[in-house]
Number of protein chains: 2
Amino acid sequence: MSAALRQQVLAANRTFYDAFEALDLERMEACWEASGQVACVHPGGPWLRGWDEVRESWETIFANTSYIEFQISEPRVEVVDPVAWVTCVERIVTAVGAERAVSEIVATNVFVVDATGWHMILHHGSQVIRAAPRGWSS
Amino acid sequence: MSAALRQQVLAANRTFYDAFEALDLERMEACWEASGQVACVHPGGPWLRGWDEVRESWETIFANTSYIEFQISEPRVEVVDPVAWVTCVERIVTAVGAERAVSEIVATNVFVVDATGWHMILHHGSQVIRAAPRGWSS
């Protein structure tokens, strides 16, 4: 993959987190494909399918969030044209009054490219609560 | 997307869960691309990157699991050739002695096709612990 393509995908990924930090629904919508194909899991949540459901979730999250900041680490980009995905760790800083809280989310962000650029088609975020895999019944 | 293509992807998805139920590392390896590009999140876990890390996680999980059964519901297939992904709900039945436990996991399974078929390149599973999205700081 060319460095330019990798930069394009990383920029699309950062634009998504910038829209999230801005709590701006219009900017968030511009990041997405906004079709029936989109799917989203917020940490701990169920599948949301299609833009209407996904849009509504952002509306709810933005309405109930006063401050949020994303430090993105360990980003990995894979491009299999016309699809690309970023796997990364979101270090999230939130504020409730004077208190600050930090949490760690692992995210899969899938993008599809068209003539206008890369658009998110899937977002899957989940909490990291343990370091290593173990059995399901042990 | 043709019905045939959709069936191919769903079959690859089921083959993955069959290998998991069989706790069979060789069959699991056959499902994956087994390259440096693969990535995996087990529920509650961190990113595992590259086949060596992912393989090791299956080895640990299989060694610590005595019985596991997957009922897959709400599967949705998206194909953007040569990539496809299944989003689904895993209803997991495990057994510890005479006790049975059921849990619900949402999964993103990304596949890439080559001349030999569809191979998994990303698996991201996470627990469902709430029904609807809310704010991050409320």
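Residues numbered from 1 in each chain as written. Chains lettered and ligands numbered in written order. Predicted model: local features only at pLDDT ≥ 70, side-chain atom pairs only at ≥ 80, totals over all residues.

Asker: Describe the overall build of chain A, listing the residues and the values that go with them.
Answerer: Looking only at helices and strands, chain A has 3 helices and 6 strands in total. Listing every helix and strand of chain A by position from the N terminus yields α-α-β-β-α-β-β-β-β. The C-alpha radius of gyration computed for chain A amounts to 15 Å, which stays within 12% of the reference 14 Å derived for 138 residues, consistent with globular compactness. In terms of principal-axis extent, the alpha carbons of chain A reach across some 45 × 40 × 30 Å. (Helix = DSSP H or I, 4+ residues; strand = E, 2+ residues; numbered from the N terminus. Rg over C-alpha atoms; globule rule 2.2 N^0.38 Å.)

Asker: Please provide a residue-by-residue account of the nonpolar core, values included.
Answerer: In this structure, Trp85(A), Phe111(A), Trp85(B) and Phe111(B) are the most contacted members of the largest nonpolar core, which totals 63 residues. When neighbours within four sequence positions are excluded, Trp85(A) is seen to be in contact with Glu78(A), Thr108(A), Asn109(A), Val110(A), Phe111(A), Val110(B) and Leu122(B). (Core = buried A, V, L, I, M, F, W, Y, C linked by C-beta atoms within 7 Å. Buried ≥ 20, exposed ≤ 12 C-beta atoms within 10 Å, placed from the backbone. Contact = placed C-beta atoms within 7 Å.)

Asker: Describe the interface of chain A and chain B, listing the residues and the values that go with them.
Answerer: The interface of chain A with chain B comprises 49 residues on the first partner and 49 residues on the second. Of all elements in the fold, only strand 1 (39–41), helix 3 (50–63), strand 3 (68–80), strand 4 (83–96), strand 5 (99–114) and strand 6 (117–127) of chain A reach the threshold of two or more residues within the side of chain A that touches chain B. Looking at which element gives the most residues to the side of chain A that touches chain B, the answer is strand 4 of chain A, with 8 residues.

Asker: Please give an account of the sheet that holds strand 5 of chain A that cites residues and values.
Answerer: The strands making up a sheet associate through backbone hydrogen bonding, with each pair oriented either parallel or antiparallel. All names here are of chain A. Here 6 strands make up an open sheet; going across it, the order is 2-1-6-5-4-3 and the pairing mixed. Looking at strand neighbours, the two that pair on one side only are strand 2 (48–49) and strand 3, the edges of this open sheet. Helix 1 (residues 3–22) contacts strand 3, strand 4, strand 5 and strand 6 of the sheet and is inclined by roughly 150° relative to strand 3. (Pairing = 2+ DSSP bridges. Axes fitted to C-alpha atoms, helices over the stretch in contact; angles between N-to-C directions.)

Asker: Residue-level account of the pairing of strand 5 of chain A, with values.
Answerer: Residues and elements named next belong to chain A. Bridge count for strand 4 against strand 5 is 14 bridges, and the pairing is antiparallel. Each bridged residue has a counterpart across the sheet, and for Cys88 the counterpart in strand 5 is Ala107. Linking strand 4 to strand 5, which pair antiparallel, is a turn of 2 residues; within it Gly97 sits at a positive phi near 60°. As judged from the 10 bridges shared by strand 5 and strand 6, these two strands associate in the antiparallel manner. Bridging across to strand 6, Asp114 finds its partner in Gly117. Adjacent in sequence and paired antiparallel, strand 5 and strand 6 are bridged by 2 residues.

Asker: Report on the relation of the copies chain A and chain B, specifying residues and quantitative values.
Answerer: Aligned on chain B, chain A shows an RMSD of 0.0 Å; the corresponding rotation is 180° and the shift along the axis is 0.0 Å. Taken together, the turn and the small shift mark the pair as related by a two-fold rotation axis. Nearest to the rotation axis, the C-alpha of Ser126(A) is located 2.9 Å from it, this being the minimum over chain A. With an isologous cut-off of 70% or more, the 100% of interface residues of chain A that recur at the interface of chain B puts this contact in the isologous class. (Least-squares fit on C-alpha atoms with pLDDT ≥ 70 in both.)

Asker: Which residues make up the sheet that holds strand 2 (residues 48–49) of chain B, and what values go with them?
Answerer: Residues and elements named next belong to chain B. Spatial ordering of the open sheet is given by 2-1-6-5-4-3, a layout of 6 strands whose pairing is mixed. Each edge of the open sheet is held by one strand with a lone partner, namely strand 2 and strand 3 (68–80). Examined bridge by bridge, strand 1 (residues 39–41) and strand 2 share 2 bridges and lie antiparallel to one another. Each bridged residue has a counterpart across the sheet, and for Ala39 the counterpart in strand 2 is Arg49. Across the sheet, helix 1 (residues 3–22) lies against strand 3, strand 4 (83–96), strand 5 (99–114) and strand 6 (117–127), angled at about 150° from strand 3, the strand it touches most.

Asker: Can you lay out helix 1 of chain A for me, pointing to particular residues and giving the numbers?
Answerer: Residues and elements named next belong to chain A. When the terminal C-alpha atoms of helix 1 are compared, their 28 Å separation across 20 residues agrees well with the 28 Å that a helix rising 1.5 Å per residue should span. Looking only at helix 1, the buried set comprises Val9, Ala12, Asn13, Phe16, Tyr17, Ala19 and Phe20. Down the axis of helix 1, the buried set is contained in an arc of 160°. They therefore lie on one face. Away from its buried face, by an angle of more than 90 degrees, helix 1 presents the exposed residues Ala3, Ala4 and Gln7. In this fold, the buried residues of helix 1 make contact with helix 2 (25–31), strand 3, strand 4, strand 5 and strand 6. Leu23 sits one or two residues past helix 1 and shows a positive phi near 55°. (Expected span 1.5 Å × (residues − 1). Arc of directions from axis to C-beta.)

Asker: I'd like to hear about the confidence of the model for chain A, residue by residue, with values.
Answerer: If pLDDT is low for a region, its predicted coordinates should not be looked at in detail. Summing up the model confidence of chain A, the mean pLDDT is 93 and the portion of residues at 70 or higher is 97%. For this predicted complex, the interface confidence score (ipTM) comes to 0.94, while the overall pTM stands at 0.94. (pLDDT = per-residue confidence, 0-100.)

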